[in-house]
Amino acid sequence: MKILVFGSLNIDKVYTMPSLPMQGETLTCKRYEVHVGGKGLNQAVSLCKAGADVSMAGCVGTDGDLLVEFLRSTGVHTDKIQRTEGFTGHAVILVDGNGQNQMVMYPGANWEITPEYCDKILDEYEAGDLILLQYETTQVGYLLRKAHEKGMLVAWNPSAFVPAILDEPLECVDILLVNEYEGQCISGECAPEPMTAALLRRMNGGAVVLTLGGEGAVYADAGGMVRVPAFCVDAVDTTGAGDTFTGYFLHSLICGKTPEEALRTACAASAIVVTKPGAAETIPDRETVECFLRAHC
Ligand code: ADP
């Protein structure tokens, strides 16, 4: 099975300052950091760290070298990533001493994905291959339909949630991965059981994975539902928890683990991530996750 993550690549520019600027105010900040990100990149890294052979597709601008280099050094295949003339997608994030933040997102090259580029990439895949998508780029609906028509295994993390997601073809999805907020917005239900049931009804068979933050995660398909608690850790930064979970869960499942085992492995990987600040850079490798599982189970 070939594995393709088709999604966003972002540069996060983080400015740390004692307080956030008021309207019209100019402040000098004491710290500036650049981080790699984007849900597509994070999930490709997670799959790769879990042990999968992964290719990433998506677009970066003329300033995107650091993202491609980061993926390459992690072991993700980057030859399908397209360069565009403009800027790479990026976020400007202002953080104050109390952890409060303000953010501006510029989607840049992530919104320059065209149907022609999608077709060119999908031509290299066939029935039975896995595609993983999110919702930070253009053409997600097109990719869901085309990949499904080809008979690929379609995994979708409809994040970050925007109302347009409600119009996308859920019936093309084989494995839907949502957090509580996304699940609620799409299904209109609040509790895990009716929520997963409502989502499964809108899909064409398949499975739903619902993550519940510090409460763990749930897997549901036509055969029933299984729930696994989160590991008890001191969480300092939950950024990237869901992306780490997604990569580890999918890799475990395609390696033949049961849904319950896959949930447990994914909960372990994401528990490790929440104990450290940052996202893509903190996704643990398989040995670290296995060691954590041996220590905690
Ligand atoms: P997202 O980051 O997409 O909002 P969640 O917040 O549901 O997703 O987190 C994904 C997974 O990360 C959870 O299912 C859980 O396994 C793990 N996780 C998140 N927060 C914590 C926490 N405070 N303690 C332990 N594990 C956590």
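Residues numbered from 1 in each chain as written. Predicted model: local features only at pLDDT ≥ 70, side-chain atom pairs only at ≥ 80, totals over all residues. Heavy atoms only, no water.

Engineer: Looking at this model, I keep getting lost on the site of the ligand. Mind explaining?
Structural biologist: Lining the immediate surroundings of the ligand are 16 residues, of which Asn179, Thr211, Gly213, Gly216 and Gly242 lie closest. Within the side chain of Thr211, an N or O atom sits 2.8 Å from an oxygen atom of the ligand. Between Gly242 and the ligand, the recorded distance is 3.0 Å, taken from a backbone N or O atom to an oxygen atom. Taking 560 Å² as the accessible area of the ligand by itself, protein coverage stands at 82%. Those elements giving two or more residues to the shell around the ligand turn out to be α7 (241–254) and α8 (259–274). Ranked by residue count, the leading element in the shell around the ligand is α7, at 3 residues. When grouped by side-chain class, the residues that make up the shell around the ligand number 9 nonpolar, 7 polar and no charged. (Near = heavy atom within 4 Å. Polar contact = N/O pair within 3.5 Å; in protein donor to acceptor, adjacent residues only side chain to side chain. Areas by Shrake-Rupley, 256 points an atom, 1.4 Å probe, with all protein chains shown as cover. Helix = DSSP H or I, 4+ residues; strand = E, 2+ residues; numbered from the N terminus. Nonpolar A, V, L, I, M, F, W, Y, C, P; charged D, E, K, R; others polar.)

Engineer: Please clarify how unusual backbone geometry should be interpreted in this entry.
Structural biologist: Negative phi is the rule for most residues except glycine; trans is the rule for most peptide bonds. In this chain, Ser159 is followed by Ala160 through a cis amide linkage whose omega measures 0 degrees. Structurally, Ala160 is set in the loop between β10 (153–156) and β11 (175–179).

Engineer: When you look at the environment of Glu33 in this model, what are you seeing that I'm missing?
Structural biologist: Within the element layout of this structure, Glu33 appears in strand β3 (residues 31–37). Overall, Glu33 belongs to the partly exposed group, its relative accessible area being 24%. Considering only alpha carbons, one finds Glu33 and Tyr15, 18 residues apart in sequence, at a separation of 6.6 Å. For Glu33, the residues in contact, after removing those within four places along its chain, are Asp12, Lys13 and Val14. A distance of 2.8 Å separates a polar atom in the side chain of Glu33 from a polar atom in the side chain of His35. (Buried < 20%, exposed > 50% of the residue type's maximum accessible area, 1.4 Å probe, protein only. Contact = heavy atoms within 4.5 Å.)

Engineer: How should the environment of Met195 be read in this particular structure?
Structural biologist: Locating Met195 in the fold gives a position in helix α6 (residues 192–202). Its relative accessible area of 1% is what places Met195 among the buried residues. For the pair Met195 and Thr26, spaced 169 residues apart in sequence, the C-alpha to C-alpha distance is 46 Å. In this structure Met195 touches Glu180, Gly183, Gln184, Ser187, Glu189, Cys190 and Leu210, once residues within four positions along its chain are discounted.

Engineer: Would you take a moment to explain the sheet that holds strand β4 (residues 54–57) for this structure?
Structural biologist: Pairing in this open sheet of 8 strands is mixed, and the strands run β4-β1-β9-β10-β11-β12-β13-β14 from one edge to the other. Across the chains shown, the open sheet's two edge strands, defined by having one partner strand only, are β4 and β14 (224–228). Pairwise comparison of adjacent strand axes, ignoring direction, gives a mean angle of 15 degrees for this sheet. Examined bridge by bridge, strand β1 (residues 3–6) and strand β9 (residues 130–133) share 4 bridges and lie parallel to one another. Residue pairing in the sheet places Ile3 in a bridge with Leu130 of β9. (Pairing = 2+ DSSP bridges. Axes fitted to C-alpha atoms, helices over the stretch in contact; angles between N-to-C directions.)

Engineer: Looking at this structure, I do not really get the packing of α7 against α8. What am I missing?
Structural biologist: In helix packing, the relevant descriptors are the interaxial angle and the interaxial distance, both defined with respect to the helix axes. Packing of α7 against α8 leaves a shortest axis separation of 8 Å and a crossing angle of 150 degrees. One element, α7, and the other, α8, form an angle in the roughly antiparallel class. The two elements α7 and α8 cross, and the hand of that crossing is right-handed. Taken together, the residues of α8 that come into contact with α7 (itself represented by Ala241, Thr244, Phe245, Tyr248, Phe249, Ser252 and Leu253) are Pro259, Ala262, Leu263, Thr265, Ala266, Cys267, Ala269, Ser270, Val273 and Val274. Counted by class, the contact of α7 with α8 contains 13 nonpolar, 4 polar and no charged residues. (Parallel < 35°, antiparallel > 145°, perpendicular 65-115°, else oblique. Left-handed = near helix turned anticlockwise from the far one by under 90°.)

Engineer: Before we go on, may I ask you to explain the packing of α8 against helix α9 (residues 286–296) in this structure?
Structural biologist: In contact at an axis separation of 9 Å, α8 and α9 are set at 105 degrees when each is read in the N-to-C sense. By the angle between their directions, the pair α8 and α9 is classed as roughly perpendicular. Across the interface between the two elements, Arg264, Thr265, Ala268, Ala269, Ala271 and Ile272 of α8 pack against Thr288, Val289, Phe292 and Leu293 of α9.

Engineer: What is the right way to look at the packing of aromatic side chains in this model?
Structural biologist: The relative placement of two aromatic rings is captured by the distance of their centres and the angle of their planes. Under the criterion given, the structure shown has 7 aromatic pairs. A ring pair is formed by Tyr219 and Phe249, whose centres lie 6.2 Å apart and whose planes are at 35 degrees; its orientation type is tilted. Of the two residues, Tyr219 is situated in strand β13 (residues 217–221) and Phe249 in helix α7; the sequence distance between them amounts to 30 residues. Since its relative accessible area comes to 8%, Tyr219 is described here as buried. With relative accessibility at 0%, the residue Phe249 sits in the buried group. Aromatic ring contacts, followed pair by pair, group Tyr219, Phe245 and Phe249 into a single cluster. Here the guanidinium or amino end of Lys2 rests over the ring plane of Tyr125, the centre of that ring lying 4.8 Å away. (Phe/Tyr/Trp six-rings, centres within 6.5 Å; stacked < 30°, edge-to-face > 60°. Lys NZ or Arg CZ within 6 Å of the ring centre and 35° of its normal.)

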